[in-house]
Structures are given as structure tokens and as C-alpha cells.
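Descriptive analysis of the structure
Okay, here's what each chain looks like letter by letter:
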Amino acid sequence: QVQLVESGGGLVQAGGSLRLSCAASGLTFSTYAMGWFRQAPGKDRELVAAINWNGENTHYAEYVKGRFTISRDNVKNTVYLQMNSLRPEDTAVYYCAATKYGGTWIQRRSSYDSWGQGTQVTVSP
């Protein structure tokens, strides 16, 4: 049974930083691409960043480019999202997800079939 457990969310002032972690178990982590998604109240869940199985390829939503960095540690079975220069509009529940797909498929929400429970990120003005 695949388990993805996010941590690291919290309340931060605008301009601050947070680092999210997602610990994975129940899967051969190094064979999965991983993604970070977010969902704000009343909005659809959207892709924030994705990383392929070995970390060599990454993809970012336009609105986080230059501010967020996705990375992974295949020894620790963990994927990270470093978030800098946070803005109030980054407020959302952040989810990590796993997919066996590769290439440009990792940019598609429908490619992911395992999800964490989410962690709240709140950015105050």
C-alpha cells in the first residue's frame, strides 16, 4: 500500500520561506516521478512542480518559477519542495503525488494515482 506523508506546512509572512517534505513508502520510490500540487479554497487542484524518477528533469508552473525548487532523495524516499519569496496567493493545501509515468506525462494531474493527505500553507500579507 502506497503511503505519502507530507510535512513542513505552516504559517509564514509574505517573503518568507518554507520547505515541504513528502515521505513515501509502499512503492519503489526511485521508479516513480513525483509531483507537488496545491488546492486553494474554491479552486481546482493544480500542479506546482514535478520531478522525474532520477531528478534530472523538472517542471514548474509559471507562477512559481524562480521561487520554488523541487528535489528528491531516492535513498530517503523523500521529495521536497523548497518555497521561497512566498506570496499570499500561494496559500493553499499542498499535496504530493506519485506516478509511474514519465516524460511530459508528469505535468498532467491525471497521470498521478497516489496522493498524500496534504499540508496547509498559509502566507500572511
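These remarks concern the structure in this document. All of these numbers come straight from a predicted model, not from anything done at the bench.

Here we take up the overall build of the protein chain. Each helix and strand counted, the protein chain has zero helices and 11 strands in total. Written out in order from the N terminus, the α and β elements of the protein chain read β-β-β-β-β-β-β-β-β-β-β. A globule of 125 residues ought to have a C-alpha radius of gyration of about 14 Å, and the protein chain, at 13 Å, matches this closely. Its C-alpha atoms put the protein chain at 40 × 25 × 25 Å along the principal axes. Expressed as a percentage of the 125 residues in the protein chain, the buried residues total 44%. Look at the contacts in the protein chain between residues 6 or more apart in sequence, and 57% of them connect residues 24 or more apart.

Attention now goes to the sheet that holds strand β3 (residues 18-25). As summarised here, the arrangement of the four strands in space is β1-β3-β8-β7, forming an open sheet in which the pairing is antiparallel. In the strand order of this sheet, the two ends are held by β1 (3-7) and β7 (68-73), each with one partner. On average, adjacent strands in this sheet sit at an angle of 15° to one another, irrespective of strand direction. In terms of strand pairing, β1 meets β3 through five bridges, oriented antiparallel. Bridge assignment links Gln-3 to a residue of β3, and that residue is Ser-25.

To continue, consider the packing of aromatic side chains. Applying the stated criterion across every chain, the model contains four aromatic pairs. Measuring from ring centre to ring centre gives 6.3 Å for Tyr-112 and Trp-115, while their planes differ by 55°; the resulting arrangement is tilted. Assessed through its relative accessible area of 28%, Trp-115 is described here as partly exposed. Taken together, Phe-37, Tyr-112 and Trp-115 form an aromatic cluster joined through their ring pairs. A cation over a ring is seen here: Arg-45 above Tyr-95, with NZ or CZ 3.7 Å from the ring centre.

The next thing to look at is the pattern of salt bridges. Counted by the stated rule, this structure contains four salt bridges. Glu-46 is paired through a salt bridge with Arg-38; the nearest N and O atoms lie 3.0 Å apart. A relative accessible area of 6% places Arg-38 in the buried class. A salt bridge links Asp-90 to Arg-38; the nearest nitrogen and oxygen atoms lie 2.9 Å apart. Taken together, the residues span a long stretch of sequence, with Asp-90 in the loop between β8 (78-83) and β9 (92-99) and Arg-38 in strand β4 (residues 33-39) at a distance of 52 residues. Of the two residues, Asp-90 and Arg-38, neither departs from the other in class, the shared state being buried.

Time to look at unusual backbone geometry. Even without being glycine, Asn-77 reaches a positive phi, approximately 55°. Within the element layout of this structure, Asn-77 appears in the loop between β7 and β8. Even without being a glycine, Ser-85 presents a positive backbone phi close to 50°. Considering the arrangement of structural elements, one finds Ser-85 in the loop between β8 and β9. A relative accessible area of 42% places Ser-85 in the partly exposed class.

The rules behind the values
- Residues numbered from 1 in each chain as written.
- Predicted model: local features only at pLDDT ≥ 70, side-chain atom pairs only at ≥ 80, totals over all residues.
- Heavy atoms only, no water.
- Helix = DSSP H or I, 4+ residues; strand = E, 2+ residues; numbered from the N terminus.
- Rg over C-alpha atoms; globule rule 2.2 N^0.38 Å.
- Buried < 20%, exposed > 50% of the residue type's maximum accessible area, 1.4 Å probe, protein only.
- Contact = heavy atoms within 4.5 Å.
- Pairing = 2+ DSSP bridges.
- Axes fitted to C-alpha atoms, helices over the stretch in contact; angles between N-to-C directions.
- Phe/Tyr/Trp six-rings, centres within 6.5 Å; stacked < 30°, edge-to-face > 60°.
- Lys NZ or Arg CZ within 6 Å of the ring centre and 35° of its normal.
- Salt bridge = Lys/Arg side-chain N within 4 Å of Asp/Glu carboxyl O.

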